[in-house]
Every structure is written in structure tokens, then in C-alpha cells.
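# Commentary on secondary and tertiary structure
Residues per chain, in single letters:
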Amino acid sequence: MRLIALPFSLFAFVCAATAQTPPDVLTVRAILPDPQEFEVPPDLEKIEDHSVVLLDLTMSVEAYASFENADGTYSGLDGDCEFGPMEGVRMMSVPTGSNHLLMNIRPGDPAQFAANSVSCEYMPSLQIGENIGQVMTVRGCYLANAHSIPTATLYVLNPLPASACGLTQ
């Protein structure tokens, strides 16, 4: 029995030694819209194809994100958003501030990707015009996939488990 276990143990050791290490986690924190009109916040420009992204994105409601809902319908924020988690978001299109960098975020199923969230919150420092300081936040762990289109790059951020970003053991 030991003779069978020894080759298996050596095989497992060699496989473990040659396995690729996971990519570094890219922390991205940004507030939209950026004070510089038609500019992408610098942290968003760091994203590359196949980056593992720990995202902390804050958007004023004036950023006008649009949503694909769980039932297949599409919507946007009409006026005020209710404070707390937004349920049923299948995908959201994020206005980055530039026509050359487009971004869609898929938060994933909350039961499977508990670290990922889309919510409405209060941030008085982002009071703009009649807005009382309402913001949307998108947080979590994502894998960036780049899609080139003639004059821009579209990043689709797909959900990853929290452990991929080092949030859990």
C-alpha cells in the first residue's frame, strides 16, 4: 500500500509546486461622476483584462446607472433610491465618465457571492443640486473581462467568491 501511496504523494507535490499562484488583487476605489468632466477616475483606468478586482465604487444618483433586473427587464433610478441593499440586480451599466471606458457589473447571486452588493446610501459630502446626498455603492470581488469595441473598451466585471479577494479564509 505504501508503494502506491508514495507515487501519488509525489505526483500531488509536483502538481502543487507547479500550480499558478493567483493574480494579485487590484483594489479599485472611485467616486462617480469624477470632478473632471469626461474623465475616468484614475483607479478605474488600472483595471486590465483578467484582473481580480476588489471594488468599492460610489456613484452620485446623477451618474444615472442603468440596470438589468433579475426578471429580464431594464430600469434606471427614477428620482430617489430607497436606502439599503438593492435586490434583483442582474447587471448594471456604470457611467464611467468617458465614452472610451465602458463598464458593466454583475453582482451575482447574493447567496453565493455575499461580499458583492449594490445599495443606496447617504453621503452628505456628495450633495449636488437638489440631491440630498444619496449615493449608490457597488462593492465586492470581481473578475474583469475586457471586450474591445472600435473606439472603446468594455469591462464586464463578473462575480467571484469573497475568498478570491482575500476577504474570507
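As a convention, each chain's residues are numbered from 1 in the sequence order in which they are written. Two thresholds apply to this predicted model, a pLDDT of at least 70 for residue-level local features and 80 or more for giving and counting side-chain atom pairs, whereas whole-chain, interface and lining totals are computed over all residues. Hydrogens are left out, water is left out, and the side-chain values use all remaining heavy atoms of the structure.

### As for the state of the cysteines
Covalent bonding between the sulfur atoms of two cysteines defines a disulfide. The disulfide criterion used throughout: a pair of cysteine sulfur atoms within 2.5 Å. Taken as a whole and assessed by the stated rule, the structure comprises 1 disulfide. Across the disulfide, Cys-141 is cross-linked to Cys-165 (sulfur-sulfur distance 2.0 Å). One quick way to see it: the torsion about the S-S bond of Cys-141 and Cys-165 is about 85°, and its sign makes the bridge right-handed. Placement of Cys-141 in strand S9 (residues 134–149) and of Cys-165 in the segment after strand S10 (152–159) is noted, with a sequence separation of 24 residues between them. By relative accessible area, Cys-141 is classed as buried at 0%. Here a helix means four or more residues in a row that DSSP labels H or I, a strand means two or more in a row labelled E, and each is numbered from the N terminus. Classification of residues uses two cut-offs on accessible area relative to the type maximum, computed with a 1.4 Å probe and protein chains only: under 20% is buried, over 50% is exposed, and between them is partly exposed.

### Examining unusual backbone geometry
For His-50, which is not glycine, the phi torsion reads 70° and is therefore positive. Examined against the element boundaries, His-50 turns out to sit in the loop between helix H2 (42–45) and strand S2 (52–60).

### Section: the pairing of strand S7 (residues 101–105)
Among the 5 residues in S7, 4 count as buried, and that is most of the element. Summarising the sheet, strand S6 (residues 89–94) and S7 pair through 3 bridges and their orientation is antiparallel. Its bridge partner lying in S7, Ser-93 is registered against Asn-104. Whether two strands pair comes down to DSSP finding at least two bridges between them. Connecting S6 to the antiparallel partner S7 that follows it, the hairpin turn spans 6 residues, and Gly-97 within it adopts a positive phi of roughly 105°. Bridge count between S7 and S10: 5 bridges; the pairing is parallel.

### Points about the pattern of salt bridges
In the sections that follow, a salt bridge refers to a side-chain nitrogen of Lys or Arg positioned within 4 Å of a carboxyl oxygen of Asp or Glu. Within the structure shown, the criterion is met by 5 salt bridges. Ionic pairing is found between Arg-139 and Asp-56, a salt bridge with its closest N-O pair at 3.1 Å. In this pair, Arg-139 sits in strand S9 while Asp-56 sits in strand S2, placing the two residues 83 residues apart along the sequence. With relative accessibility at 30%, the residue Arg-139 sits in the partly exposed group. Note on Asp-56: relative accessible area 25%, which makes it partly exposed. Notably, a salt bridge pairs Arg-139 with Glu-121, separated by 3.1 Å at the nearest N-O pair. Here Glu-121 lies in strand S8 (residues 117–122) and Arg-139 lies in strand S9, a separation of 18 residues in the sequence. A single salt-bridge network, built from bridges that share partners, covers Arg-29, Asp-56, Glu-121 and Arg-139.

### Here's the deal with the environment of Ser-119
Relative to the helices and strands, Ser-119 resides in strand S8. On the basis of relative accessibility, which here comes to 7%, the residue Ser-119 falls in the buried class. Each C-alpha atom, one on Ser-119 and one on Glu-87, is 8.5 Å from the other, the two residues being 32 residues apart in sequence. Any two residues having at least one pair of non-hydrogen atoms within 4.5 Å are treated as being in contact. If sequence neighbours within four positions are ignored, Ser-119 has contacts with Gly-84, Pro-85, Met-86, Val-135, Met-136 and Thr-137. A distance of 3.0 Å separates the side chain of Ser-119 from the side chain of Glu-121, its partner in a polar contact. Identification of polar contacts relies on pairs of N or O atoms within 3.5 Å, with a donor-acceptor requirement for protein atoms, meaning one able to donate a hydrogen and the other able to accept it, and with residues adjacent in sequence counted only if both atoms are side-chain atoms. There is a polar contact of 2.8 Å between the side chain of Ser-119 and the side chain of Thr-137.

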